[in-house]
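Single-letter residue listing:
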Amino acid sequence: IEYPPTGTDLPAPRPGELLNYPNPFNPSTTLTLRLGDGDVSLAERDVALDIYSVSGQKVRALFAGALRPGMSEIPWDGKDDGGSTVAAGVYFAVARTPNGVLERKMVLVR
């Protein structure tokens, strides 16, 4: 039996998709990135995941490195690069992958 997702469930992202849960969030959220897994060699791929404010200012360099194809989860604690808690508002997660740029709108509530 397959049950419909609840408000806190997140469907598995499709290849080349960036999601987060929960959204809206307080105080933290988990970003879920799925890189295409059509590559038979399953080679690692370089990825950069950054958080931006609605004004376009980089708030946090969240991840930079190699990820294997498939699904990866990367938590964000709602803090900037200096370790300070960011203000409530809209933020964008931007993942730069070898196959393109993925974006996700997130809302931090206090």
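Look above for the structure.
Every value quoted in this text rests on a predicted model; they were computed, and no experiment measured them. (Residues numbered from 1 in each chain as written. Predicted model: local features only at pLDDT ≥ 70, side-chain atom pairs only at ≥ 80, totals over all residues. Heavy atoms only, no water.)

**Student:** Where do I start with the packing of aromatic side chains in this structure?
**Tutor:** Geometrically, a pair of aromatic rings is defined through the distance of the ring centres and the angle of the planes. Taken as a whole and assessed by the stated rule, the structure comprises two aromatic pairs. Ring centres of Trp-76 and Tyr-91 lie 5.7 Å apart, and the angle between their planes is 70 degrees; this geometry places the pair in the edge-to-face category. Of the two residues, Trp-76 sits in strand β5 (residues 70-76) while Tyr-91 sits in strand β6 (residues 89-97), which places them 15 residues apart along the sequence. Summarising the burial analysis for this pair, Trp-76 and Tyr-91 share the class buried. (Phe/Tyr/Trp six-rings, centres within 6.5 Å; stacked < 30°, edge-to-face > 60°. Helix = DSSP H or I, 4+ residues; strand = E, 2+ residues; numbered from the N terminus. Buried < 20%, exposed > 50% of the residue type's maximum accessible area, 1.4 Å probe, protein only.)

**Student:** Would you take a moment to explain the pattern of salt bridges for this structure?
**Tutor:** If charged atoms from side chains of opposite charge come close, those side chains can pair. Taken as a whole and judged by the stated rule, the model has three salt bridges. Notably, a salt bridge pairs Arg-96 with Asp-50, separated by 3.4 Å at the nearest N-O pair. Remark: Asp-50 occurs in strand β3 (residues 45-53) and Arg-96 occurs in strand β6; sequence separation between them is 46 residues. Residue classification places Asp-50 among the buried residues on the basis of a relative accessible area of 7%. A salt bridge links Asp-77 to Arg-60, with the nearest nitrogen and oxygen atoms 2.7 Å apart. Taken together, the residues Asp-77 in the loop between β5 and β6 and Arg-60 in strand β4 (residues 58-67) connect sequence positions 17 residues apart. Note on Asp-77: relative accessible area 36%, which makes it partly exposed. Here Arg-60 falls in the buried class, since its relative accessible area comes to 19%. Salt bridges here are not isolated pairs; linked through shared partners, they connect Asp-50, Lys-58 and Arg-96. (Salt bridge = Lys/Arg side-chain N within 4 Å of Asp/Glu carboxyl O.)

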